[in-house]
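# Structure at a glance
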Amino acid sequence: ADEWVSLQMLSYLLEGYRVQAGLDQVGNRPPKGSAFLRPIIPFLFCHGKDYWAFRPLPDLFGAEYREFMRYIPTFDTISVHLSAMPESDILQLEELWLRAVLLTQKYSHDPGALMDRLGLIFETMTGVHGGNFLRTLIIYVLNIAPIKREQFIYLMEGIPTTIKPEVMTLYDSIMQAGR
């Protein structure tokens, strides 16, 4: 939980609009550009163990500054707390890598539940290409719940043979590197 996350989100919004407008970090605008911006909808994704509420930017100012609130940027935020999201909703997502990440993060505070779903998580990765993402996911899982090779092999029994060799090779190389 970060009480200052509204400042972080404000910076993301500003940077997104700068990119759309073609502005550099100083505010210089190149000769080309569109006269209109596209809306950016702030989305706060929480995957911590406990629920916490987003504090809007105006709430970061004391009561003595209430008369200045009309000068403070305000924006609504869509907040999603992953632990409250049903697994079935995650499994309906079309983006396979997002499905795998959300499942991993949903159970990151319960290593037993994570291990129970590890096969499903890697099975989800079957259609995802790119070893760096898979490597990052394996490192993340191993940081949550260190798994011995025998247990990892057992957990990988059900995953498709199209991804199994890559997963095992990455697991072995990570373990050899001592990560």
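Computed from a predicted model, the values in this text were never measured in an experiment.

In this section: the layout of surface pockets. Within this model, the largest pocket holds a volume of roughly 160 Å³. Of all the secondary structure elements, the ones that give two or more residues to the lining of the largest pocket are helix 1 (5-21) and strand 1 (43-46). By residue number, the principal contributor to the lining of the largest pocket is helix 1, which donates five residues.

With 30 residues, the main nonpolar core has Leu118, Phe122, Phe152, Met156 and Val167 as its most contacted residues. Breaking this core down by element, the ones donating at least two residues are helix 3 (96-106), helix 4 (111-124), helix 5 (131-144), helix 6 (149-155) and helix 7 (164-176). For this core, the element with the highest residue contribution is helix 4, accounting for six residues. Sequence-distant contacts of Phe122, that is, excluding residues within four places in its chain, are made with Leu134, Leu137, Ile138, Phe152, Met156, Ile159, Ile163 and Val167.

Quick look at the environment of Leu155 now. By the secondary structure assignment, Leu155 is in helix 6. Beyond its immediate chain neighbours, meaning those up to four positions away, Leu155 contacts Met115, Leu118, Gly119 and Ile147.

Our next topic: the side chain of Ser6. Note that Ser6 resides in helix 1. The buried category is assigned to Ser6, whose relative accessible area is 0%. At 3.2 Å, the side chain of Ser6 forms a polar contact with the backbone oxygen of Arg55. Those residues in contact with Ser6 that lie beyond four places of it in its chain are Phe54, Arg55, Pro56, Leu57, Leu60 and Phe75.

Let us now look at helix 4. For helix 4, spanning 14 residues, the distance from its first C-alpha to its last is 19 Å, which sits close to the expected 20 Å at 1.5 Å a residue. Taken as a whole, helix 4 carries its principal kink of about 50 degrees at Arg117.

Right, let's get into the packing of aromatic side chains. Where two aromatic rings form a pair, the distance of their centres and the angle of their planes describe that pair. For the structure on display, the rule yields one aromatic pair. For the ring pair Phe54 and Phe75, a centre distance of 6.4 Å and an interplane angle of 50 degrees mean the geometry is tilted. Here Phe75 lies in the loop between strand 1 and strand 2 (78-81) and Phe54 lies in the loop between strand 1 and strand 2, a separation of 21 residues in the sequence. With relative accessibility at 17%, the residue Phe75 sits in the buried group. Across from the ring centre of Tyr107, 4.1 Å away, lies the NZ or CZ of Arg117, which sits over that ring.

Evaluation of the coordinates by the stated rule reveals two salt bridges. Arg55 serves as the salt-bridge partner of Glu3, at 2.6 Å between the closest nitrogen and oxygen. Here Glu3 is found in the segment before helix 1, whereas its partner Arg55 is found in the loop between strand 1 and strand 2, with 52 residues between them in sequence. Glu3 gets classed as partly exposed once you look at its relative accessible area, which sits at 43%. Here Arg55 falls in the partly exposed class, since its relative accessible area comes to 28%. Arg117 is the salt-bridge partner of Glu87, the closest N and O atoms lying 2.5 Å from each other.

Cut-offs applied
Residues numbered from 1 in each chain as written. Predicted model: local features only at pLDDT ≥ 70, side-chain atom pairs only at ≥ 80, totals over all residues. Heavy atoms only, no water. 1 Å grid on protein atoms, 1.4 Å probe; cavity = no way out; pocket = protein on both sides within 12 Å on 5 of 7 lines; lining within 4 Å. Points joined across faces, edges and corners; volume = space filled by probe spheres on them. Helix = DSSP H or I, 4+ residues; strand = E, 2+ residues; numbered from the N terminus. Core = buried A, V, L, I, M, F, W, Y, C linked by side-chain atoms within 4.5 Å. Buried < 20%, exposed > 50% of the residue type's maximum accessible area, 1.4 Å probe, protein only. Contact = heavy atoms within 4.5 Å. Polar contact = N/O pair within 3.5 Å; in protein donor to acceptor, adjacent residues only side chain to side chain. Expected span 1.5 Å × (residues − 1). Bend = angle between axes of the 7 residues up to and from the residue. Phe/Tyr/Trp six-rings, centres within 6.5 Å; stacked < 30°, edge-to-face > 60°. Lys NZ or Arg CZ within 6 Å of the ring centre and 35° of its normal. Salt bridge = Lys/Arg side-chain N within 4 Å of Asp/Glu carboxyl O.

Don't take any of this as a statement about function, it's just geometry.
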